[in-house]
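Each chain, written out:
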Amino acid sequence: MVGNGYLGYRGTSPEQGPDGYVALVVTDTYDCADGQWRELTTAPNPMFVSACVEGVPITVDGATHVETTLAMRTGEFRLTFGEPVDDADVAVSVERFASYDDLHLLGQRWSLASDEPVSVDITFGIDARIWSLNGTHLPEIVTGGDAGVLTAAGRTVESGIDVAVAAVTHVRHDHAGPVATEITDDGAMRTVTVHLDGSDEVVIETIAAVYTSNDTDDPLACAVAAVRGADHGHCETLRNASRIVWRDLWAAMDIQIEGNLADQAAVRFAAYHNRICTPAHTDRLPIGARGLSCQAYQGAAFWDQEIYNLPAFLFTEPDIARSILVYRHRTLDGARRKAERLGYDGAFYAWISGDTGDELCPDYFFEDVLTGRPIRNHFNVWQIHVAPDVVTTIERYVEVTGDETFLVDHGAEIAFEVARFLRSFVRYDEWRGVYHCIRLLGPDEWHENVDDNAFTNHQVVRALSFAIDTHDRLAVAHPDALADLAGALDLTADEVEGWRRVRDRIYLPQPDAETRRVEQFTGSVSDTHLRA
């Protein structure tokens, strides 16, 4: 796939439609169409191109040979496929990219060649038939075409976000026939017939733009203006501008491994996808667990964001790491609402967090296979480690960058509110004088309703320690800021002392004296799933 943190386009063939799982996924378009799952919206597809050679459809599904390439260095998807039609060998080539020079733009070059004279009927434009996982997000799409620009626009069914797509297309062939335009509910299309002489090719070049009402008051006008402006330099100019940005990105993020080509390719593949799924242009949005490749996992943040995604930027592009953590501060109220709903204090971060920080993981989405009875899902209430995960990542960020301003303006409030939550969550064993974390689901997401998961308990201690240390640090270095924050949060010295008691008395699983293995959770050593 290609992407740039604002949008993502799956690695599909241009003639494919919703049955081929084509998706142009746009960030900051959260919508709940089915009453259960809030997810990102897939936009109309401006990269559609289909061809018939002598009346025979040329498709990747019917091809006799297919080759797909991802040029990670420049962020370009390439596809070639072909098949015989009578005595002619027909070949299609596709090159596609999401611009990093202008995040709203996409470009595509589609070409078809034949080694024998053939007649080619081509349809190209914006396909308004949309593949979506959970409901129809754009129930009414208005298509149009004016002054060389094709358009499609709709409004999300629940959140009321306007999504607009515009495209400029060019037929590159010296003897192309007249181009006709057809506007229907299914899309805004153009058609043309081209006669190839057996030594030439026909090219369809597309520049497309996507805007939403979260970007501007008039997304359709902006999309049209963007493609008209970009069209002056043609698709190749746009691609070259994007390549320059990619050159600078790789200069910052590349990891070089000598002696093992497979490892080198794997680490660059991971770095590429980590980059294109990160909304580096804003501090309001999360990194989706599936990036912008589709709507699965709602385009929302899980604990992966802090534990896996953010560290890739910490030493190379710390401003992006900071933006990711500022997002957590912006969504702190959502975490507070979750904690309050479940009867806790402070802030309990959502297991699945979108633009507001409210929990996107439904309480019920499983059914008993025999009775059809809804089964309570506990992913969103037992995986409490997501909250201290955020805090320990803040600790690491401040340690690496020395960003005291972030700590004062954002980090301290998050740490204090999570510490409040953790104190209210733990249970005290008066007989042994020890605090426990009960009813957990650890990071393996397999062993449910367990007590004292080792990873979770250790993260709780780290988060509480950081909250206490931050309070002490601000008391010395920024007493006025601490006074203001404590006043706003109604935070007292007794409460901080309570964090200290929990931190000092919580049960921490330790390595076995003989095996050096840490029990994953209470009773896990005897669990049949973990026996050697």
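Cut-off values and rules
- Along each chain, the written sequence defines residue order, and numbers are assigned to residues from 1.
- Whole-chain, interface and lining totals are the exception, using all residues; otherwise, since this is a predicted model, local features are given only for residues with pLDDT of at least 70 and side-chain atom pairs are given and counted only at 80 or more.
- As a rule here, side-chain values cover all heavy atoms of the structure and leave hydrogens and water aside.
- Helix and strand assignments come from DSSP, with helices taken as H or I runs of at least 4 residues and strands as E runs of at least 2, each series counted from the N terminus.
- Definition of a polar contact: a pair of N or O atoms within 3.5 Å, with one able to donate and the other able to accept a hydrogen when the atoms are protein atoms, and with sequence-neighbouring residues admitted only if both atoms are side-chain atoms.
- Every residue pair with non-hydrogen atoms within 4.5 Å of one another is taken to be in contact.
- Strands were regarded as paired on the criterion that DSSP finds at least two bridges between them.
- For patches, a residue must show more than 30% relative accessible area and have no salt bridge; joins then use 9 Å for like charges and 5 Å for nonpolar side chains, namely Val, Leu, Ile, Met, Phe, Trp and Tyr.
- Here the accessible surface of atoms and residues is derived via Shrake-Rupley with a 1.4 Å probe, and residues count as covered only by protein chains that are part of the display.
- By definition here, a salt bridge exists when the distance from a side-chain nitrogen of Lys or Arg to a carboxyl oxygen of Asp or Glu is within 4 Å.
- Charge counting follows a simple rule: Lys and Arg are positive, Asp and Glu are negative, and His as well as the terminal groups are ignored.
- To locate a charge, the coordinates of NZ of Lys, CZ of Arg, CG of Asp or CD of Glu are taken.
- Buried, partly exposed and exposed residues are distinguished by accessible area as a fraction of the type maximum, computed with a 1.4 Å probe on protein chains only: under 20%, between the cut-offs, and over 50%, respectively.
- For every element, the axis is a line fit to its C-alpha atoms; helices are fit only across the contacting stretch, and the angle between N-to-C directions ranges from 0 to 180 degrees.
- Each angle gets one of four labels, with under 35 degrees taken as roughly parallel, over 145 as roughly antiparallel, 65 to 115 as roughly perpendicular, and the rest as oblique.
- By definition, turning the near helix anticlockwise from the far helix through less than a right angle yields a left-handed crossing, and turning it clockwise yields a right-handed one.
- Here the term charged refers only to Asp, Glu, Lys and Arg, the term nonpolar to Ala, Val, Leu, Ile, Met, Phe, Trp, Tyr, Cys and Pro, and the term polar to all other amino acids, Gly among them.

A. Local environment of the side chain of His-104. Among the secondary structure elements, His-104 is positioned in the loop between strand S9 (88-98) and strand S10 (105-114). Within polar-contact distance, the side chain of His-104 engages the backbone oxygen of Val-210 at 2.8 Å. Contacts of His-104, omitting those with residues within four sequence positions, involve Tyr-6, Leu-7, Ala-208, Ala-209, Val-210, Tyr-211 and Asp-215.

B. Seen up close, the sheet that holds strand S2 (residues 7-9). Strands sit in the order S1-S2-S3-S4 across an open sheet of four strands; the sheet is antiparallel. Bordering the open sheet on either side are strand S1 (2-3) and strand S4 (38-43), each of which pairs with just one other strand. Inspection of the sheet shows S2 paired to strand S3 (residues 24-32) by three bridges, in the antiparallel sense. Note on S3: the bridge partner recorded for Gly-8 is Val-25.

C. Region of interest: the environment of Cys-437. With respect to the secondary-structure elements, Cys-437 resides in the loop between strand S21 (434-436) and helix H11 (454-477). A C-alpha to C-alpha distance of 50 Å links Cys-437 and Asp-218, two positions 219 residues apart in sequence. The contacts of Cys-437, once residues within four sequence positions are left out, are Phe-425, Val-426, Asp-451, Asp-452, Asn-457, Val-460 and Ile-506.

D. Examining a negative patch on the surface more closely. The grouping of Glu-54, Asp-86, Asp-87, Asp-89, Asp-115, Glu-116 and Asp-121 at the surface amounts to a negative patch. Within the fold, Asp-115 resides in the loop between S10 and strand S11 (118-127). Assessed through its relative accessible area of 40%, Asp-115 is described here as partly exposed.

E. Representation of the sheet that holds strand S17 (residues 201-212). Pairing in this open sheet of eight strands is antiparallel, and the strands run S7-S8-S9-S10-S17-S14-S13-S12 from one edge to the other. The open sheet has two edge strands with one neighbour each: strand S7 (65-71) and strand S12 (141-146). Strand-to-strand twist of the sheet, defined as the mean angle between neighbouring strand axes without regard to direction, takes the value 15 degrees. For S10 and S17, the ladder comprises nine bridges, and the chain directions are antiparallel. Residue pairing in the sheet places Trp-110 in a bridge with Ile-204 of S17.

F. The packing of helix H2 (residues 234-253) against helix H3 (residues 261-276), seen in detail. At a closest axis distance of 12 Å, the pairing of H2 and H3 adopts a crossing angle of 120 degrees. Taken together, H2 and H3 sit at an angle that is classed as oblique. Once H2 is placed against H3, the crossing between them reads as right-handed. Together, Trp-246, Leu-249, Trp-250 and Met-253 of H2 and Arg-268, Ala-271, Tyr-272, Arg-275 and Ile-276 of H3 make up the contact between the two elements. Taken together, the residues that form the contact of H2 with H3 break down as seven nonpolar, no polar and two charged.

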